[in-house]
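Architecture and fold: a report
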Amino acid sequence: MTDLFKEDAIRKKIEELTQQLNYHNHQYYVLSDPKIDDFAFDKLLKELEALEKEYPSCADENSPTKRVGGDITKKFNTIAHKSRMMSLDNTYTLEELQDFHDRVTKDIGEVEYVCELKIDGVAISITYLNGKLKQAVTRGDGVQGDEVTTNVKTIRSVPLQLTGDYPPELTIRGEIFMPKTVFNQINEEIRVELEEKGLDEEEIFEQQLKNPRNATSGTIKQQDSKAVAARKLDAFLYTVIAEEAHITNHYESVMKARSWGFKVSEHIRKCGSLEEVIKFINEWEKKRFDLDFETDGIVVKVNGYTQQKTLGSTAKSPRWAIAFKYPPEKATTILQEITFQVGRTGSITPVANLKPVQLAGTTVKRASLHNADIIAQMDLRIGDTVSVEKGGEIIPKITAVDLSKRSPDSKEFKYITHCPECNTTLIRKEGEANHYCPNEDGCSPQILGKLVHFIGRKAMNIDSLGEKTIALFLEKGLVKNVADFYTLKYDDIIQLEGFKEKSTQNILEGIEKSKEIPFARVLFGLGIRYVGETVAKKLAHSFQNMDAIMHANSETLCSVDEIGEKIADSVVAHFKRPANVELIERLKSYGLQFEASVDTNIATSTRLNGLTFVYSGTFSKVSRDEIEDLILNNGGKKSGSVSKKTSFLIAGDKMGPEKRKKAEEFGVKIISEDEFLAMIKE
Ligand code: IVH
């Protein structure tokens, strides 16, 4: 076979496989009607992958192999939308809905509506040229957004190639979302991993995905498309923009979109009257919780394009559509018990244990109470009938007590006075919300929590150790405090059940390697109350070594920018305890870093004194972590959001459009990475 002949044959085979894969993908992810099993699908995909690898010049940019991810988006380009991506006016009551209907009928007379679910996700605009997916752009500020084409290609329900009588140029808009099942599964994985590391409930909660919408917007802006593919996003499309499609109304447009291969929600209905609209709204009020995606309302759209045009739009939203938002879901249940958790620093967290109740599609058994004040303010009592509400977050809140249902012999709730784990008398410092167990060295969740915190990724990063192993070491008396890690011997570990030569060696190597971890992280790893990552960096930078910090009084500590009395007092109190000083001496003798290494790349100065910086996006010369170090090391302050107090916004690639908008609003100067670096140069 000649080369040309062969290439032709390869292209043909690739095309054939592509078609088959696209067909089966559509059957599975759009129609939920698979025609082959996963194994057979993977076989086809592997075959295509192998061919593309061998003949890269024959590979298509819209190949089904792109679904798996792998390409990196270094920079998310800003793209202007051809027409503005509008938002919708919200209504919360049937009266407001009636007002909308009155306005519409006044302008156009008789009306036909289309009702759809309002999907709580992230809006996207995707363009197709000759049936091929060309570009996907986020909503951004409605006028321009970020190009996320590579990432959108990993969403299996978004077709890479259209079918049927599609128009040559087409923009389709809709909503990307994370299915509830995927969201719950990811959070469960995070929980297992962090529990293993010994983090307490509040800390785990902090690191879990907050809600499916947040998770979606975070995911779609990831640089690594493989990470996006792993998040299993999905998409419903609902707005077709195509000049040559000869469509006259909205309903027809989405039906056409479905025939071209798009995933269109099946829960869409034409309604000839407001009564029918209200019926649709009522039908979905409870049923929506059974869906695998979050909906917070119903979108009501005027169907006819001519009527839509007559009604027109305001600057931001069409006059021909409105969103009806459901009120937050509430449920009534009984407060059965209040239990208490003891954190790593001895902090006590009360948790409401509720009689299990259905709320927004999940069974709720617990609610967060945070501290004693919350309980006292509501005069919560065991046995009370309480209202629980779920906002945008996963953990529900108790919002009210039904006093009429309170039993006459109910007693005021007495907050615990002793630690539920070690029975030590709790303390509560003036002005502080939480109670603490002061028995640092004798209260088991505190001891274990400290050990686990020390080995954490942001501290000593000893990943060969996990909570289970540490708990075992603790039980066998091998470690009592963090210094004991450094005297562990091979023979101590190998004799334990389940430990082989390799795992033992790994643990010892991991511990040895941690001796190189820079001072700021060692300081953070000690787990001094209120000394988080940023405070540890600040202290390490200002004092340069451990001795200086240990000998500093509250006043000296407070003179460091952003170190207040609360932190200073906590540091002083920590080193007042001889046991803590002794611990440092031991760690020093094992060779841990207790001096800040002078990083020649990072200048230290007071040039940025009094200035507050916000940075956004990615940078080409320095990493985001380095930017933070540079700000802090030169006396500046860093903040996460733009406000009128911000001095500069450092703009990196793919900077969030919201940040830019805020900066313009507050008159905050936007500078480039280079301009920032010039500010701190000698
Ligand atoms: S139509 C011109 N339909 O809700 C109107 N929007 O606040 C364009 N949304 O930005 C939107 N489900 O992200 C429409 N079935 C649906 C929707 C929907 C969710 C989102 C969309 C929009 C926001 C409006």
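Check the entry above for the structure.
This section reports on the structure supplied with the text. (Residues numbered from 1 in each chain as written. Predicted model: local features only at pLDDT ≥ 70, side-chain atom pairs only at ≥ 80, totals over all residues. Heavy atoms only, no water.)

1. Regarding the nonpolar core
In terms of nonpolar packing, the biggest core is built from 54 residues, with Phe485, Leu523 and Leu539 touching the most fellow members. At the level of elements, helix 13 (444–455), helix 14 (467–475), helix 16 (501–513), helix 17 (519–525), helix 18 (533–543), helix 19 (546–551), helix 21 (565–576) and helix 22 (578–589) are the ones that each hand at least two residues to this core. Considering each element in turn, this core owes the most residues, six residues, to helix 13. Other than its neighbours up to four places away in sequence, leucine 523 contacts Ile528, Val531, Ala536, Leu539, Ala540, Met546 and Ile549. (Core = buried A, V, L, I, M, F, W, Y, C linked by side-chain atoms within 4.5 Å. Buried < 20%, exposed > 50% of the residue type's maximum accessible area, 1.4 Å probe, protein only. Helix = DSSP H or I, 4+ residues; strand = E, 2+ residues; numbered from the N terminus. Contact = heavy atoms within 4.5 Å.)

2. Regarding the environment of leucine 129
In this structure, leucine 129 sits in strand 4 (residues 122–129). Between the alpha carbons of leucine 129 and proline 167 there is a distance of 8.5 Å; along the sequence they are 38 residues apart.

3. Topic: the site of the ligand
By nearness alone, 14 residues border the ligand, and Glu116, Ile119, Glu175, Tyr238 and Lys301 come closest of all. Between lysine 301 and the ligand, the recorded distance is 3.0 Å, taken from a side-chain N or O atom to a nitrogen atom. Contact with the protein chains covers 87% of the free accessible surface of the ligand, which is 520 Å². Looking at the shell around the ligand, the elements with two or more residues in it are strand 3 (113–119) and strand 10 (295–302). (Near = heavy atom within 4 Å. Polar contact = N/O pair within 3.5 Å; in protein donor to acceptor, adjacent residues only side chain to side chain. Areas by Shrake-Rupley, 256 points an atom, 1.4 Å probe, with all protein chains shown as cover.)

4. Side note on unusual backbone geometry
The phi torsion at asparagine 423 lies on the positive side, around 65°, for a residue other than glycine. Mapped onto the fold, asparagine 423 is located in the loop between strand 16 (397–401) and helix 13. Even without glycine at this site, asparagine 461 takes up a positive phi of about 50°. Note on placement: asparagine 461 falls in the loop between helix 13 and helix 14.

5. With respect to a negative patch on the surface
Residues Asp37, Asp38, Asp42 and Glu49 make up a contiguous surface patch of negative charge. The topology assignment puts aspartate 37 in the loop between helix 1 (3–29) and helix 2 (38–54). For aspartate 37, a relative accessible area of 49% gives the class partly exposed. (Patch = residues over 30% accessible without salt bridge, like charges linked within 9 Å, V, L, I, M, F, W, Y side chains within 5 Å. Salt bridge = Lys/Arg side-chain N within 4 Å of Asp/Glu carboxyl O. Lys, Arg positive; Asp, Glu negative; His and termini not counted. Charge placed at Lys NZ, Arg CZ, Asp CG, Glu CD.)

6. Remarks on the environment of leucine 194
Residue placement: leucine 194 occurs in helix 5 (residues 180–196). The exposure class assigned to leucine 194 is buried, which follows from its relative accessible area of 7%. Sequence spacing of leucine 194 and glutamine 27 is 167 residues, and the spatial spacing of their C-alpha atoms is 37 Å.

7. What about the sheet that holds strand 4?
If you trace the four strands from one edge of the open sheet to the other, you get 5-4-7-8, paired in antiparallel fashion. Each edge of the open sheet is held by one strand with a lone partner, namely strand 5 (132–138) and strand 8 (234–241). In this sheet, neighbouring strand axes are inclined to one another by 30° on average, regardless of whether the strands run parallel or antiparallel. As paired elements, strand 4 and strand 5 share six bridges and run antiparallel to each other. Counterpart to serine 125 in the pairing with strand 5 is valine 137. (Pairing = 2+ DSSP bridges. Axes fitted to C-alpha atoms, helices over the stretch in contact; angles between N-to-C directions.)

8. Focus on the pairing of strand 19 (residues 648–651)
Side chains Phe648 and Ile650 of strand 19 all project onto a buried face; the interleaved residues Leu649 and Ala651 project onto the opposite face, where all are buried too. With four bridges connecting them, strand 17 (residues 612–616) and strand 19 associate as parallel partners. In the strand pairing of strand 19, phenylalanine 613 is matched with phenylalanine 648. Here strand 19 pairs with strand 20 (residues 669–672) via four bridges, running parallel. In the strand pairing of strand 20, isoleucine 650 is matched with isoleucine 671. Traced from strand 19 through helix 24 (residues 657–666) to strand 20, the parallel crossover comes out right-handed. (Right-handed = clockwise from strand over helix to strand, strands pointing away.)

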